[in-house]
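So the chains spell out like this:
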Amino acid sequence: MISLARLSTRSRVLAAALGASVAAGAVLTAGALVSGPEASAGTAAAKKAPGVTAQDLLQIAESQIGVTENASGGGTKFQSWYVSSQRARETVERDGGNVEAYADAPWCAMFVSWVGEQAGIRPTVGWDAYTVTYAKWFEANGRWGSEATPGAVVFFDWKRGDSLYGIDHVGLVEKDNRDGTITTIEGNTGNGKVERRVRPKAEVVGYGYPRYAA
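Conventions used here
- Residues numbered from 1 in each chain as written.
- Predicted model: local features only at pLDDT ≥ 70, side-chain atom pairs only at ≥ 80, totals over all residues.
- Heavy atoms only, no water.
- Helix = DSSP H or I, 4+ residues; strand = E, 2+ residues; numbered from the N terminus.
- Buried < 20%, exposed > 50% of the residue type's maximum accessible area, 1.4 Å probe, protein only.
- Salt bridge = Lys/Arg side-chain N within 4 Å of Asp/Glu carboxyl O.

Undergrad: How should the environment of Ser85 be read in this particular structure?
TA: With respect to the helices, strands and loops of the structure, Ser85 is situated in the loop between helix H4 (77-83) and helix H5 (86-95). By relative accessible area, which is 7% here, Ser85 ends up buried. In this structure the C-alpha to C-alpha distance between Ser85 and Val99, which are 14 residues apart in sequence, comes to 9.5 Å.

See the structure below:
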C-alpha cells in the first residue's frame, strides 16, 4: 500500500482514485498524522491509560472472524464505517481522491481502526486506511517497537524488509508463539476475510503499542 510498483491491479486503481501518484515507485503522502484529532502524544487522551485491556480488544477482533468482502473487494462494515468517519475526510484531504473510494479499498488498516473504535479506545489505537501512515503515527507518538505483545498492532512487509515504507499489511497480535511465529487476527487477508493467521516474525517490520489497562 505504498509504491504503485508493489500494488496489485485492483490496488493500483484504488490508489489512483485516492490521489496517489501514478509514477512508478511513488510513495503515498504520509501527512502530519501525529497532529490528527485525538492522535497527538501531547494530548490527555493519548497519555491516559484506558479502562480496556488487550484481551478486551482481541475479543472484539475475534468476534469478527469470518466476515468476508464482496466480489469487488468491498461491502464490509469496516469500510462502510470508515467512509462515514471524520478520518476518511481527513485522509482524503491529506492524500487526495474521494471518500467513496474507500468503500472498495484494501481494508486491513480499516479493520484494526474499527476494532479500536468498538473498544472505545480509538485515541490510543489510532485510525487510518494506509498501513504506512498508520505505522508512522505509532512511531511519531513514541509507541513503536520490536516486541510481539498481545494487542499490539503488527505491520508486515512480505519482502521481509525493515523500512516502514515497505509495509504491505497490518493486523493485531494475539500471541507470540515463541517459535519464530506470531498468531494474529487480521482483516483483508489473501482470502478477503477476517481470519486468524500464524505469521513468521521475519515478515514483521514492527509493532505499534496502544495503551491498555494493566
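Undergrad: Could you clarify how one ought to interpret the pattern of salt bridges in this entry?
TA: Pairing between side chains of opposite charge can happen when their charged atoms approach one another. Using the criterion set out here, one finds 12 salt bridges in the structure. Arg122 is the salt-bridge partner of Glu117, the closest N and O atoms lying 3.1 Å from each other. Given the relative accessible area of 27%, Glu117 is considered partly exposed. Salt-bridge contacts for Glu174 lead to Arg196; the nearest nitrogen and oxygen are separated by 2.7 Å.

Undergrad: I keep staring at unusual backbone geometry and nothing clicks. Help me out?
TA: Working note: non-glycine residues mostly have negative phi, and peptide bonds are mostly trans. For Arg178, which is not glycine, the phi torsion reads 60° and is therefore positive. Summarising the element assignment, Arg178 is placed in the loop between strand E3 (169-176) and strand E4 (181-186). Look at Asn188: it is not a glycine, yet its phi comes out positive at around 60°.

Undergrad: Looking at this structure, I do not really get helix H8 (residues 131-140). What am I missing?
TA: An α-helix turns once every 3.6 residues. As a result, residues three or four positions apart point the same way. Buried residues dominate H8, accounting for 7 of its 10 residues. Gly142 sits one or two residues past H8 and shows a positive phi near 70°.

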